[in-house]
Amino acid sequence: MTTNYPISLTYHEICSPSDPIFQPWLDLYETAFPPEERLPVSFFLRVLVNRSADIPEDRHLIAVFNMEKFTGLICYWDVEPLKMIYLWYFAVVPEGRNQGTGKQIYHDLVQMIPSGYLGMMFDVETPAFASDDNQKNLRSRRIDFYRRNGARLVDGVYYMMQAGPFNPEMPMHIMIHPLQELNIQQALEITRQVLEKPFIQTGTPHLV
């Protein structure tokens, strides 16, 4: 990993559609994720309109800055009743990748999780359903990144994710970054409640 890219990160929560960083945030969102994995932009607008109208909101849009330059985005859902953070989206601008920026953002995000929470969960693309070897390798490397940084894969199951009403369903694995002891039964029950989707079993479920 190269080290010639200074990392001094700060975090800014976007609370209104008029926030000037919202447009660059959306630009990165629309280029970092494939169309089938993107929620409609209207979803984020509704989140911000609700916030600007002083309606309590548990969805959070975060802009990340490195040395005062926009360098990444986070979107997460605070599932307070289940004491779990659901990480929807996490991306770094192209020039900040492979420099340690993603690792630092991820570690900072874990540190932001409220005390007493069980941890953080998110979905990742399944290597088994990749269209070619290159895509399979990229998906495996993404899973390895999260595992190196403390997350665990819920292996033996996947679920069909649909981002928005007009997108196709996609098979996704679940990963959990535990902050308390969790066994596989607890992990599966929490993810069922958060996702409100059935799992498709491919083997004996276990955490790896």
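Attention in this report is confined to the structure presented alongside it.

Cut-offs and rules
Residues numbered from 1 in each chain as written. Predicted model: local features only at pLDDT ≥ 70, side-chain atom pairs only at ≥ 80, totals over all residues. Heavy atoms only, no water. Helix = DSSP H or I, 4+ residues; strand = E, 2+ residues; numbered from the N terminus. Buried < 20%, exposed > 50% of the residue type's maximum accessible area, 1.4 Å probe, protein only. Contact = heavy atoms within 4.5 Å. Phe/Tyr/Trp six-rings, centres within 6.5 Å; stacked < 30°, edge-to-face > 60°. Lys NZ or Arg CZ within 6 Å of the ring centre and 35° of its normal. Pairing = 2+ DSSP bridges. Axes fitted to C-alpha atoms, helices over the stretch in contact; angles between N-to-C directions. Parallel < 35°, antiparallel > 145°, perpendicular 65-115°, else oblique. Left-handed = near helix turned anticlockwise from the far one by under 90°. Expected span 1.5 Å × (residues − 1). Arc of directions from axis to C-beta. Polar contact = N/O pair within 3.5 Å; in protein donor to acceptor, adjacent residues only side chain to side chain. Salt bridge = Lys/Arg side-chain N within 4 Å of Asp/Glu carboxyl O.

Details of the overall build of the protein
Then, number 1: What the protein contains, in helices and strands, is five helices and eight strands.
Then, number 2: Counting helices and strands in the order they occur from the N terminus, the protein gives β-α-α-β-β-β-α-β-α-β-β-α-β.
Then, number 3: Along the three orthogonal principal directions, the C-alpha set of the protein runs to about 45 × 45 × 35 Å.
Then, number 4: Expressed as a percentage of the 208 residues in the protein, the buried residues total 49%.
Then, number 5: Of the contacts formed within the protein by residues at least 6 apart in sequence, a portion of 65% connects residues at least 24 apart.

Some words on the packing of aromatic side chains
Given two aromatic rings, their pairing is described by the distance between the two centres and the angle made by the two planes.
Then, number 1: Counted by the stated rule, this structure contains 20 aromatic pairs.
Then, number 2: The interplanar angle of 85° and the centroid separation of 6.4 Å between the aromatic rings of Tyr-106 and Phe-122 together place this pair among those described as edge-to-face. In this pair, Tyr-106 sits in helix H3 (residues 101-112) while Phe-122 sits in strand S5 (residues 119-125), placing the two residues 16 residues apart along the sequence. Here the two residues Tyr-106 and Phe-122 agree in accessibility, since each one is buried.
Then, number 3: Taken together, the ring pairs connect Phe-22, Trp-25, Tyr-29, Phe-33, Phe-43, Phe-44, Trp-77, Tyr-86, Trp-88 and Tyr-89 into an aromatic cluster.
Then, number 4: Looking at Arg-59, its charged tip hangs above the ring of Trp-77, at a distance of 4.7 Å from the centre.

Side note on the pairing of strand S2 (residues 59-66)
Then, number 1: In terms of burial, S2 is a largely internal element, seven of the eight residues being buried.
Then, number 2: Bridge count for strand S1 (residues 9-14) against S2 is six bridges, and the pairing is antiparallel. The residue bridging Thr-10 from the neighbouring strand is Phe-65, located in S2.
Then, number 3: Sheet topology places S2 next to strand S3 (residues 69-79); eight bridges connect them, and they run antiparallel. Looking at the pairing, Asn-66 lines up with Lys-69 of S3.
Then, number 4: In sequence, S2 turns back onto S3 through a hairpin of two residues, with Met-67 there showing a positive phi of about 55°.

A look at the packing of helix H1 (residues 22-32) against helix H2 (residues 41-52)
Helices that pack against each other are described as a pair by the angle of their axes relative to one another and the distance between those axes.
Then, number 1: Orientation of H1 relative to H2, taken along the N-to-C sense of each, is 150°, at an axis distance of 12 Å. Compared by their axis directions, H1 and H2 come out roughly antiparallel. Seen from above, H1 lies across H2 with right-handed handedness. Only Val-41, Phe-44, Leu-45 and Leu-48 of H2 make contact with H1, whose side of the interface consists of Phe-22, Trp-25, Leu-26, Tyr-29 and Glu-30.

Let's talk about the sheet that holds S1
Then, number 1: Read from one edge to the other, the open sheet built from eight strands follows the order S1-S2-S3-S4-S5-S7-S6-S8, with strand pairing classed as mixed. One side of each edge strand has no neighbouring strand; the edge strands of this open sheet are S1 and strand S8 (200-207). Recorded for the sheet is a direction-independent mean angle of 30° between the axes of neighbouring strands.
Then, number 2: Running over the sheet, helix H4 (residues 133-148) touches strand S4 (84-92), S5 and strand S7 (170-178) and is turned about 170° from S5.
Then, number 3: Across the sheet, helix H5 (residues 184-195) lies against S3, S4, S5, strand S6 (152-161), S7 and S8, angled at about 125° from S8, the strand it touches most.

Thoughts on H5
Then, number 1: Here H5 is twelve residues long and its end C-alpha atoms lie 16 Å apart, about the 16 Å a rise of 1.5 Å per residue gives.
Then, number 2: If you check which residues of H5 are buried, you get Ile-184, Ala-187, Leu-188, Ile-190, Thr-191, Val-194 and Leu-195. All buried residues of H5 project into a common sector of 165° when viewed along the axis, lining one side.
Then, number 3: With a side-chain oxygen lying 3.1 Å from the backbone nitrogen of Gln-185, the N-terminal cap of H5 falls on Asn-183.

Observations regarding the pattern of salt bridges
Then, number 1: By the definition in use, this model includes eight salt bridges.
Then, number 2: Glu-13 is the partner of Arg-51 in a salt bridge, and the nearest nitrogen-oxygen pair spans 3.0 Å. With Arg-51 in helix H2 and Glu-13 in strand S1, this pair connects stretches of sequence that are 38 residues apart.
Then, number 3: Taking relative accessible area as the criterion, Arg-51 reaches 18% and is therefore assigned buried.
Then, number 4: Judged by relative accessible area, Glu-13 falls into the partly exposed class, the value being 27%.
Then, number 5: Between Arg-139 and Glu-125 there is a salt bridge, with its nearest N and O atoms 3.9 Å apart. Here Arg-139, found in helix H4, pairs with Glu-125, found in strand S5; they are 14 residues apart in sequence, far enough to count as distant.
Then, number 6: A relative accessible area of 8% places Arg-139 in the buried class.
Then, number 7: Using a relative accessible area of 13% as the deciding quantity, one classes Glu-125 as buried.
Then, number 8: Because the salt bridges share partners, they merge into one network encompassing Glu-125, Arg-139 and Arg-142.

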